[in-house]
Amino acid sequence: MGEFVSDGERKNNWVLEDSILKVMIKLGMPIAASEALNIMYSMADIYWLGRVGRDALASVSASWPVIWLIVSVAAGVFSAGLALVSQYWGMGDYGRATKAGGQVLTLSIMFGIPIAAVSFLAVRSFLSVVGVPETTLEYATGYARIISLGIPFIAIYESFSAIYAAAGNTMTPLKIRSLGVIINVVLDPVFIFGYFGIEALGVEGAAIATVISEMIVAAVSITYIALKGIEGHYLTLSTLMPDRNFIVQIARIGYPISALTAGEASGFVILVHIISILGPAPLAAWGIADRLLSLFHVFIAGMLGATSTMIGQSLGAGMYMRAKSIAKRTSVYGSAIMAAGILVLIPFRYQVAALFSPGDEELINQVADFILIMGPSVIFFTVYLTSRAIARGSGHTKPVMLFGLLRLWVLRNSLAYLFAITIGLGVKGLWIGMAISNYITGSVALWWILFGNWTRPVVGNDTKGQ
């Protein structure tokens, strides 16, 4: 079953041969560009919706944690797929790598449709339970229901992207994502404000533009993988048919990531509730400021994505010291890049905030405070993200599940409530509590990166060639 190749043939794998920095740049640049495109259309949403009003902006901030909670079950499938495909690829067992990829794609489609149905039916109840302000609730419900219809298409592209990245090809997913972003950015103002005979739909228009772009991206992804295969290794009907052994393996590796994603999403749902206690202004401020800080994530997203592939293939090839070196370098490079970005943003925080909330002084001040208070803590958050990238490549996902749940449930929500509500510091208290959670979690994650037992591969070579 497995298409195993010898060590001599495997040496053609440039991910294992070239210098760490060179591979990181070559793999990471397309991922960074893709992340930049994602943020571009996210920023386009808040730019146009900022012209609709504060409640329109707040609705997006309120909706995403709820949608995220519902789709979290699929997150582990993508992570497990990347770990399995990259480690089999590094091992040179391309047959099993392709089989693992086919299983990930099949599971994504199987999960996507029922998840979308649940999301569409349950989202209003979720938003009501978490206490989204009445002025925002209708906007948020309409937006989230439409976005939920795009979940199956999002799942298809995410599985496609994970498979190709694991095999060392990050350029193809970038090209397809670029097409989707261009479509989304063009359609946003058309559906939000109504042009070319289309009715102005406001917040729901932004969601419709997103779903249309995701449909096109999914269709192109399926067509490409059917015609081109995975780096010359083609999916067949047998690779797509559910395989119990692979599904069990995917579940074992993926469930901590799904649990983590569900825990983080539900944690953010509670955070939305805590922020909503103080009104729609801080909810909108959080949405703007968080996206502003995420701009700097572009510069490390590529490196983190490359790290997962590099570590997975290195462990599959038995190159454990190389994997350790990759992890340490990613921690240092990522922290340095984020620190430089924050130092540039802080002096201009009021001017930048005004771009997205013109004339709203209260909102501008809250955004600026967020950047000043939360900004430095994002350096430690970057270390935590590095631990997640390592887990995605190594398949050792349980520790990062614990780190993530610690950050949100034990620290962030309780500290945000403590400082904002109990102590009475208001909006600044929210930002202080959230920042402390990053400092603590990043420190714990750094210890695991340096001393944790994550270098043991999760795939074996006892069945090669069978």
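The rules behind these values
- Residues numbered from 1 in each chain as written.
- Predicted model: local features only at pLDDT ≥ 70, side-chain atom pairs only at ≥ 80, totals over all residues.
- Heavy atoms only, no water.
- UniProt positions renumbered as here; feature names shortened; annotations may be inferred.
- Core = buried A, V, L, I, M, F, W, Y, C linked by side-chain atoms within 4.5 Å.
- Buried < 20%, exposed > 50% of the residue type's maximum accessible area, 1.4 Å probe, protein only.
- Contact = heavy atoms within 4.5 Å.
- Patch = residues over 30% accessible without salt bridge, like charges linked within 9 Å, V, L, I, M, F, W, Y side chains within 5 Å.
- Areas by Shrake-Rupley, 256 points an atom, 1.4 Å probe, with all protein chains shown as cover.
- Salt bridge = Lys/Arg side-chain N within 4 Å of Asp/Glu carboxyl O.
- Helix = DSSP H or I, 4+ residues; strand = E, 2+ residues; numbered from the N terminus.
- Axes fitted to C-alpha atoms, helices over the stretch in contact; angles between N-to-C directions.
- Parallel < 35°, antiparallel > 145°, perpendicular 65-115°, else oblique.
- Left-handed = near helix turned anticlockwise from the far one by under 90°.
- Nonpolar A, V, L, I, M, F, W, Y, C, P; charged D, E, K, R; others polar.

Where an unreviewed UniProt entry is consulted, the protein appears under the name Multidrug-efflux transporter, with the organism given as Geoglobus acetivorans. What the UniProt record of the protein gives under Subcellular location (unreviewed entry) is the line "Cell membrane".

Concerning the nonpolar core
Residues Trp-286, Met-310 and Trp-431 are the most contacted members of the largest nonpolar core, which totals 96 residues. When near neighbours in sequence (up to four residues on either side) are disregarded, Met-310 contacts Val-15, Ile-20, Val-23, Met-24, Leu-27 and Ile-326. If you look at the next biggest cluster of nonpolar residues, it comprises 31 residues, including Val-77, Trp-89, Tyr-157 and Ala-167.

Remarks on a nonpolar patch on the surface
A cluster of nonpolar side chains, contributed by Leu-446, Trp-447, Leu-450 and Phe-451, occupies part of the molecular surface with about 420 Å² of accessible area. With respect to the helices, strands and loops of the structure, Leu-446 is situated in helix α19 (residues 427–451).

Considering the pattern of salt bridges
All told, the structure shown has 2 salt bridges when counted by the stated rule. Across the pair Glu-214 and Arg-177 runs a salt bridge, and its minimum N-O distance is 3.4 Å. Linking Glu-214 in helix α10 (residues 203–228) with Arg-177 in helix α9 (residues 171–194), this pair joins segments that are 37 residues apart in sequence. Accessibility assignment for this pair places Glu-214 and Arg-177 in one class, buried.

Re the side chain of Thr-397
Mapped onto the elements, Thr-397 comes out in the loop between α17 (377–394) and α18 (398–422). Setting aside residues up to four positions removed in sequence, Thr-397 forms contacts with Ile-253, Pro-256, Ile-257 and Ala-391.

Describing the environment of Phe-356
Locating Phe-356 in the fold gives a position in helix α15 (residues 349–356). Sequence separation between Phe-356 and Gly-194 is 162 residues; the distance between their C-alpha atoms is 21 Å.

Structural notes on the packing of α17 against α18
Interhelical geometry of α17 versus α18 gives an angle of 150° and a closest axis separation of 10 Å. For the element pair α17 / α18, the angle class is roughly antiparallel. α18 is crossed by α17, and the crossing has left-handed handedness. On α18, the residues touching Phe-381, Tyr-384, Ser-387, Arg-388 and Ala-391 of α17 are Val-400, Phe-403, Gly-404 and Arg-407. Here the contact of α17 with α18 is composed, by residue class, of 5 nonpolar, 2 polar and 2 charged.

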